[in-house]
Amino acid sequence: MTDINIFGFQKRFLREGWADDGSDEDMLFQLAHGGRGSGKSTGGSLKTMRYMLKYPKSLGIITAPTYPMLRDSTLVTLKGTLEAVGLQPERDYEYKSDYGALTIRQTGSVALLRSTEHPDRLRGPSLSFFWMDEPRDSPYIAFQNLQFGLRPSGIGVEQRNHPHQGWLTTTP
């Protein structure tokens, strides 16, 4: 993998070395709050990618307030981040648009992409992680449903030992 340039709060949000030293594993929730173009979504994408690579067979959910925002902004940033570090579509990851799922082939980790327009649809899955992009525009019950989903179980026994985490990236 190649390096990607990160700056400012992204370094603190990501805690350089997180993938190796486990310094973030005791943090249940993290928030990146900044203006438009400050790199919040890139930070969320990097955290998601690092988590999915470090913890095989992890299951998570990535949200945005509306499906168009998820498709046109969050997903575009996520794919761009994956490709910026050398992960290529089809070879290294697969995105199934009909199901709204991104799978990292190397680890079998899956991120479901969902809008928060119908927060009741976020209930049920047992999650290793979630990333809410722009949660200020989402109903609070969406956050609660995702929070309740952070529990040990999911894709195989391995997930039971994963640190369960939620990340939020939003503008003021």
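Preceding this section is the structure that the text describes.
Summary of the structure given here. The model shown is predicted, which means the values in this text are computed figures rather than measured ones.

1. Regarding the overall build of the chain
Within the chain, the secondary structure is distributed over five helices and seven strands. The helix and strand sequence of the chain, counted from the amino end, reads α-α-β-α-β-α-β-β-β-β-α-β. Per-residue burial for the chain yields a buried fraction of 51% across its 172 residues. When contacts within the chain are restricted to residue pairs at least 6 apart in sequence, long-range pairs at least 24 apart make up 69% of them. Surface accessibility of the chain: about 8300 Å² in total, with carbon and sulfur atoms responsible for 50%.

2. Here we look at helix 3 (residues 40–54)
Along its 15 residues, helix 3 runs 21 Å from first to last C-alpha, staying within 8% of the 21 Å computed at 1.5 Å per residue. Taking burial as the measure, the 15 residues of helix 3 include twelve buried ones, the bulk of the element.

3. Here we look at the pattern of salt bridges
With the rule as written, the count across this model stands at six salt bridges. Ionic pairing is found between Glu90 and Arg105, a salt bridge with its closest N-O pair at 3.6 Å. Within this pair, whereas Glu90 is found in the loop between helix 4 (67–84) and strand 3 (93–96), its partner Arg105 is found in the loop between strand 4 (101–104) and strand 5 (109–115), the two being separated by 15 residues in sequence. Judged by relative accessible area, which is 41%, Arg105 ranks as partly exposed.

Conventions and cut-offs
- Residues numbered from 1 in each chain as written.
- Predicted model: local features only at pLDDT ≥ 70, side-chain atom pairs only at ≥ 80, totals over all residues.
- Heavy atoms only, no water.
- Helix = DSSP H or I, 4+ residues; strand = E, 2+ residues; numbered from the N terminus.
- Buried < 20%, exposed > 50% of the residue type's maximum accessible area, 1.4 Å probe, protein only.
- Contact = heavy atoms within 4.5 Å.
- Areas by Shrake-Rupley, 256 points an atom, 1.4 Å probe, with all protein chains shown as cover.
- Expected span 1.5 Å × (residues − 1).
- Salt bridge = Lys/Arg side-chain N within 4 Å of Asp/Glu carboxyl O.

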